[in-house]
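Geometric and topological summary
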Amino acid sequence: MDTARLEELIEREGRERVPLVMLTITNNSGGGQPVSMSNIRAVKEICSRRGIPLYIDACRFAENAYFIKLREPCYSDKTPLEIAREMFAYADGCTMSAKKDGLANIGGFLGSNDDSLAQQERNLLILTEGFPTYGGLAGRDLEAIAVGLNEALDEDYLSYRIASTAYLGEHISHAGVPIVQPPGGHAIYIDARAFLPHIPPAQFPGVALAAALYVEGGIRSVEIGTLMFGQHATMDLVRLAIPRRVYTQSHIDYVVEVILEVWRRRSEIHGLKISYEAPFLRHFTARFRPLSPRP
Ligand SMILES: Cc1ncc(COP(=O)(O)O)c(C=O)c1O
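The sections below set out a description of the structure shown in this document. (Residues numbered from 1 in each chain as written. Predicted model: local features only at pLDDT ≥ 70, side-chain atom pairs only at ≥ 80, totals over all residues. Heavy atoms only, no water.)

**Brief notes about the site of the ligand**
Taken together, the residues surrounding the ligand are Thr24, Asn28, Asp57, Cys59, Arg60, Ser97, Lys99, Lys100 and Arg239. The side chain of arginine 60 places a nitrogen or oxygen atom 3.0 Å from an oxygen atom of the ligand. Alone, the ligand offers 400 Å² of accessible surface; in the complex the protein occludes 59% of this. Here the shell around the ligand is composed, by residue class, of one nonpolar, three polar and five charged. (Near = heavy atom within 4 Å. Polar contact = N/O pair within 3.5 Å; in protein donor to acceptor, adjacent residues only side chain to side chain. Areas by Shrake-Rupley, 256 points an atom, 1.4 Å probe, with all protein chains shown as cover. Nonpolar A, V, L, I, M, F, W, Y, C, P; charged D, E, K, R; others polar.)

**Quick word on the packing of helix 2 (residues 37–50) against helix 4 (residues 80–89)**
Two elements in contact, helix 2 and helix 4, have axes separated by 10 Å at closest approach and are oriented at 20°. By the angle between their directions, the pair helix 2 and helix 4 is classed as roughly parallel. Where helix 2 crosses over helix 4, the two elements pack in a sense that is left-handed. In this structure, helix 2 uses Met37, Ile40 and Arg41 to contact helix 4, whose residues at the interface are Ile83, Glu86 and Met87. Across the contact of helix 2 with helix 4, the residue classes tally to four nonpolar, no polar and two charged. (Axes fitted to C-alpha atoms, helices over the stretch in contact; angles between N-to-C directions. Helix = DSSP H or I, 4+ residues; strand = E, 2+ residues; numbered from the N terminus. Parallel < 35°, antiparallel > 145°, perpendicular 65-115°, else oblique. Left-handed = near helix turned anticlockwise from the far one by under 90°. Contact = heavy atoms within 4.5 Å.)

**Brief notes about the packing of aromatic side chains**
Summed over all chains, the structure comprises three aromatic pairs. Plain terms: the ring middles of phenylalanine 61 and phenylalanine 88 are 5.8 Å apart, the flat faces sit at 55° to each other, and that makes the pair tilted. A residue pair is termed long-range when its members are at least 10 positions apart, and phenylalanine 61 in helix 3 (residues 61–71) and phenylalanine 88 in helix 4 qualify at 27 residues. The buried category is assigned to phenylalanine 61, whose relative accessible area is 5%. For phenylalanine 88, a relative accessible area of 28% puts it in the partly exposed group. Each ring, one from phenylalanine 204 and one from phenylalanine 288, has its centre 5.5 Å from the other, and the planes form 70°; the classification is edge-to-face. Placement of the pair is phenylalanine 204 in the loop between helix 8 (192–195) and helix 9 (205–217) and phenylalanine 288 in strand 9 (residues 287–290), with a sequence separation of 84 residues. Residue phenylalanine 204 is classed as buried on the basis of its relative accessible area, which comes to 6%. Here arginine 245 stacks its cationic end above the ring of tyrosine 157, 5.6 Å away from the centre of that ring. Taking NZ or CZ as reference, arginine 266 lies 3.6 Å from the ring centre of tryptophan 263, over its face. (Phe/Tyr/Trp six-rings, centres within 6.5 Å; stacked < 30°, edge-to-face > 60°. Buried < 20%, exposed > 50% of the residue type's maximum accessible area, 1.4 Å probe, protein only. Lys NZ or Arg CZ within 6 Å of the ring centre and 35° of its normal.)

**Thoughts on helix 4**
Listing the buried residues of helix 4 in full gives Pro80, Ile83, Ala84 and Met87. Relative to the axis of helix 4, the buried residues are bounded by an arc of 100° and lie together on one face. Those residues of helix 4 that are exposed and angled more than 90 degrees off the buried face are Arg85 and Ala89. Among the structural elements, helix 2, strand 2 (54–57), helix 3 and helix 7 (155–174) are those in contact with the buried residues of helix 4. (Arc of directions from axis to C-beta.)

This is the structure in C-alpha cells:
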C-alpha cells in the first residue's frame, strides 16, 4: 500500500469517515504482487496512531507469506506458517475467500480480534443468514477450509504453484507478450493496452482481449481496467488467475499456445461498445458488441 497516499486520504476525509483500512495480500489489482512485511508494519503503524482497525483481505495469504520468504532475506529461514502468523499479528481482523488459499470449493469467513464485535457480527448473521454453524456453509465445507488453510502453507505445494505461474509468464513474455513483471503468485496479468495499442481504453482493450482468448481456446480470464474502474483506470490488464492444484504442465503449455496464437493475430481484434451495464459493479454483468473495423 502507498502509505503516503493512505495518510493523505485519512487527512483529507477525516478519521471519522474511515471505519477501517483494508490491505489486500497479495495485491490483486496491481499484478498480484506481494505485500512486504515492512509495508504491512508501516500500514499498521499509521492505523494504530489514528485508532483505525487494520483488516487484511487474506485470500492469498499463503502465497504472500511464501514471497516474503523468497524475497526478504531476514525471513528466509522461517516457515510460511511462521511468516503468516506474523502478518496476521499486525491485523485487527481479516476477510477470507477460501476458494483461494483456503483450497476449498466454496466459502470463506470474517475474522476479528475484538470479541464484542465478533458477538455483534454473529447476532447480525443470525438475522440475515442463520446460526454460524448452519449458515451458508455446511460443516464439511468448514472442515475442508480448516484443512486447506494448513495445506496451502506447505512449501512443496507453494514452490510448484509459484513456479507454474512464473513458467506461463516467462513463456509468453519471451515471445513478446507484454505482462506485469515480475509474475505474481496466483496470476499472470497481460497489459492489454500494450497488447492492443490500436484499441483505445474507451473501447475496452482488456475485455476485447479476454473475449479473444475465450473464443480462441476457451481460456477464461478477467479484465481489470476501464470496465472495472471506469475513468479511474490507469491500466487495462487481463488477469489469468490460475486455479490451485488443477493444472498440469501440459495445461499450462496449452494456455501458452493459445495466447501466442492470439498475439500473432492481434491486429484483427476490434474494440467493444457496451450494450448493457448495471448501475453498480457493472463489470460482473455487462454485455458488449464488437465495433466494426475502420473502412
Ligand atoms: C482479493 C480478493 N478478495 C476477495 C475476492 C472475493 O471472493 P469471493 O468470490 O469468494 O467473494 C476476490 C475474488 O477474486 C479477490 O481476488
